[in-house]
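Summary of the model geometry
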Amino acid sequence: MTDHDHQARDLASETELSHALVGAYAVDALDESERTLFERHLAACPDCQAEVATLQEAAGVLASTSLTTPPPGLRRDVLAQIGTIRPLPPLPVQPTLAERRDELAARRGRRRRWTSTVAGVAAAAVLAVGLGVTQPWVDQPDELSPAQQVLQADDARSTSVELGKDVRATVVHSDTANSSVIRTENMPPPPTDRVYQLWYERDGVFEPAGLMPVAEDQTVQLNGEARGADGVGITVEPEGGSEEPTSEPIAEFDFGPAA
Amino acid sequence: MRSTEPVASGPPAPGGPEALGRLLQRSSRGDHAAFGELYDATAARVHGLALRVVRDPAQAEEVTQEAYLETWRTASRFDPAKGSALSWMMTIVHRKAVDRVRSAEASTRRDLTYHHRTSTPEHDSTAEAAHASLEAHRVRSALAALTDVQREAVELAYLGGYTHTEVAQLLDLPLGTAKTRIRDGLIRLRDAMGVGQ
Ligand SMILES: [Zn+2]
């Protein structure tokens, strides 16, 4: 068995392993590295989010078996100190990419979600044509490469996603250059017979934006046009890529409202 | 060191869980009086948990204080759609209590044998007072729905502040199985208590 197979198997079983940590996480019984691993999973797993909440409610009632009123001085200290601490503002109410996507798609009467074709993974058509492989960015001394034009554009905006401990992907997009570039750091390889596929998301529709070469650290330019896109997503697809996403994205880069 | 006093009765929770959520909401707008009310409604429970996990009364007071200050600072981040206000607060104090015991142990390895023997607190006046509360009684009944191993695993993890790996060692479970016992135990407790659904 090759290293690659090992890594692929590890990735494939990571979700299952993470699900199993949900109880220990709810009672803070994970060590530092497990906690990091699980929180990365949690951010993308609605099932675990719901389970964590209910298990924390359950654990919390255990505390009712050991009530102890703190000394009166503690109340005085706490109430004196809050005067010196500014409460955080609420988190900005910004529709998530998924919400905006759903809303737009619903309005247009063609609701297409990441999940809509998940059931059809086995039958997913593998695109043979019309889907280019993105080119690694090669520095060209004489003129600005298309990737550099994006990175150096005045309106270049960058969106980063943490995919795990020390694993990060950053999308830089520019309307004037009408293109985007993605940079990855410490990206693990996709599972066997799978590829990372890039997508532009536009009004609830996903446009293939190329396949990512396998490399931990790289900068690649996306196919397609950045102008008017709501964001970029990465999914894991069968080798050769898909016409539309067949799985939930492992990362979403929300461009936010246009500048 | 300030002494701790046992509470006379069960948890005061005027107006129920929604009331705590409203107090949190007012606190997020800087309302000191609301936060005072919130403190009075939850202090015995919050401090009881800190003391149970940390053991040392002086350190437990610090943990309780840190937890309330964090609650004050982050009150606007409480989302009633995701759970009760009390659970949200208990999660804050539990994380702080656990961080406290683990950082204290970072340099000196914990003697698990000793702690295992003492992980069930003495039947003191505090436990006595809590026992009187209706909810504590319900919790004890609910715990009966768990297998012995599940109950021990959940209590060692939540009240003892041990990692699932340590729980496995303490209970002589094969490595990796304690997390399953903890999860199964919590699910049974949840279903028996009818919380969080
Ligand atoms: Zn999960």
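For the structure, see preceding data.
Residues numbered from 1 in each chain as written. Chains lettered and ligands numbered in written order. Predicted model: local features only at pLDDT ≥ 70, side-chain atom pairs only at ≥ 80, totals over all residues. Heavy atoms only, no water.

Right, let's talk about the sheet that holds strand β5 (residues 205-211) of chain A for a bit. All names here are of chain A. Taken together, four strands build an open sheet; the order of strands is β5-β4-β7-β8 and the sheet is antiparallel. The open sheet has two free edges, formed respectively by β5 and β8 (251-254), since each of these has just one partner strand. The mean angle between the axes of side-by-side strands here comes to 30 degrees, regardless of whether they run parallel or antiparallel. The sheet contact formed by strand β4 (residues 194-202) and β5 spans five bridges and is antiparallel. What sits directly across from Y200, in β5, is E207. (Pairing = 2+ DSSP bridges. Helix = DSSP H or I, 4+ residues; strand = E, 2+ residues; numbered from the N terminus. Axes fitted to C-alpha atoms, helices over the stretch in contact; angles between N-to-C directions.)

The subject of this paragraph is helix α2 (residues 32-54) of chain B. All names here are of chain B. An ideal rise of 1.5 Å per residue puts 33 Å on 23 residues; α2 reaches only 28 Å between its terminal C-alpha atoms. Along α2, the largest kink reaches about 60 degrees and is centred on T42. Counting buried positions over the 23 residues of α2 gives 19, a clear majority of the element. Where α2 begins, the capping side chain belongs to D31, and its oxygen is found 3.0 Å from the backbone nitrogen of A33. Phi for R55, located one or two positions after α2, is positive at around 80 degrees. (Expected span 1.5 Å × (residues − 1). Bend = angle between axes of the 7 residues up to and from the residue. Buried < 20%, exposed > 50% of the residue type's maximum accessible area, 1.4 Å probe, protein only. Polar contact = N/O pair within 3.5 Å; in protein donor to acceptor, adjacent residues only side chain to side chain.)

This next bit is on the coordination of the zinc ion. Every protein donor of the zinc ion is listed here as H19 of chain A (ND1), H41 of chain A (NE2), C45 of chain A (SG) and C48 of chain A (SG), and their distances to the metal cover 2.0 to 2.3 Å. Considering all four donor atoms around the zinc ion, angles at the metal cover 97 to 123 degrees and the coordination shape is tetrahedral. (Donors = N, O, S within 2.8 Å, 3.2 Å for Na, K, Ca; no water. Tetrahedral: all angles 85-135°; square planar, octahedral: opposite > 155°, others 65-115°.)

Take the packing of α2 of chain B against helix α4 (residues 85-105) of chain B next. All names here are of chain B. Here α2 crosses α4 at 30 degrees, and the two axes come no closer than 9 Å. For the element pair α2 / α4, the angle class is roughly parallel. For the element pair α2 and α4, the recorded crossing hand is right-handed. On α4, the residues touching L38, T42, R45, V46, L49, A50, V53 and V54 of α2 are L86, M89, M90, V93, H94, A97, V98, R100 and V101. (Parallel < 35°, antiparallel > 145°, perpendicular 65-115°, else oblique. Left-handed = near helix turned anticlockwise from the far one by under 90°. Contact = heavy atoms within 4.5 Å.)

Residues and elements named next belong to chain A. Here four strands make up an open sheet; going across it, the order is β1-β2-β3-β6 and the pairing antiparallel. What marks the edges here is a single partner per strand, and that holds for β1 (157-164) and β6 (218-221). Strand-to-strand twist of the sheet, defined as the mean angle between neighbouring strand axes without regard to direction, takes the value 15 degrees. Taken together, the four bridges between strand β3 (residues 179-185) and β6 define a ladder with antiparallel strand orientation.

What follows is about helix α7 (residues 134-143) of chain B. Every buried residue of α7 of chain B is accounted for by E135, A136, V139, A142 and L143 of chain B. Down the axis, α7 of chain B shows its buried residues gathered within 120 degrees of arc, on one side only. (Arc of directions from axis to C-beta.)

Unlike most non-glycine residues, N178 of chain A shows phi in positive territory, near 55 degrees. Residue classification places N178 of chain A among the buried positions, given a relative accessible area of 15%. Even without being a glycine, D172 of chain B presents a positive backbone phi close to 55 degrees. Relative to the helices and strands, D172 of chain B resides in the loop between α9 (164-170) and α10 (178-193).

Quick look at the interface of chain A and chain B now. In many reports, interface size means the accessible area that the parts give up when they come together. Listed by partner, the interface residues are 51 residues for chain A and 71 residues for chain B. The contact between chain A and chain B buries some 5500 Å² in all, and 63% of this surface belongs to carbon and sulfur atoms. Looking at the side of chain A facing chain B, the largest losses of area belong to L62, L67 and T68 of chain A, adding up to 13% of the total buried there. The interface formed by chain A and chain B includes five salt bridges. For R35 of chain A, the salt bridge is made with D99 of chain B, and the minimal N-O distance between the two is 3.5 Å. (Buried area = accessible area lost by both parts, 1.4 Å probe. Salt bridge = Lys/Arg side-chain N within 4 Å of Asp/Glu carboxyl O.)

In this section: the packing of aromatic side chains. All told, the structure shown has five aromatic pairs over all chains when counted by the stated rule. Judged by centre distance (5.7 Å) and plane angle (55 degrees), the rings of F78 of chain B and W88 of chain B are tilted. Taken together, the residues span a long stretch of sequence, with F78 of chain B in the loop between α3 (57-74) and α4 and W88 of chain B in helix α4 at a distance of 10 residues. The exposure classification of F78 of chain B matches that of W88 of chain B, with both residues buried. Cation over ring: R202 of chain A sits above Y200 of chain A, and NZ or CZ is 5.8 Å from the ring centre. (Phe/Tyr/Trp six-rings, centres within 6.5 Å; stacked < 30°, edge-to-face > 60°. Lys NZ or Arg CZ within 6 Å of the ring centre and 35° of its normal.)

With 76 residues, the main nonpolar core has F38 of chain A together with L189 of chain B as its most contacted residues. A per-element tally of this core places α2 of chain B first, with 12 residues. Filtering out sequence-adjacent residues up to four positions away, F38 of chain A remains in contact with S18, L21, V22, Y25, L30, C48 and V52 of chain A. Formed by 21 residues, the second largest nonpolar core is a distinct cluster that contains A169, M187, Y200 and F255 of chain A. (Core = buried A, V, L, I, M, F, W, Y, C linked by side-chain atoms within 4.5 Å.)

Another point: the pairing of β5 of chain A. Here β5 of chain A lies mainly inside the structure; five of its seven residues are buried. The turn linking β4 of chain A back onto β5 of chain A is made up of two residues, and D203 of chain A within it adopts a positive phi angle of 50 degrees.

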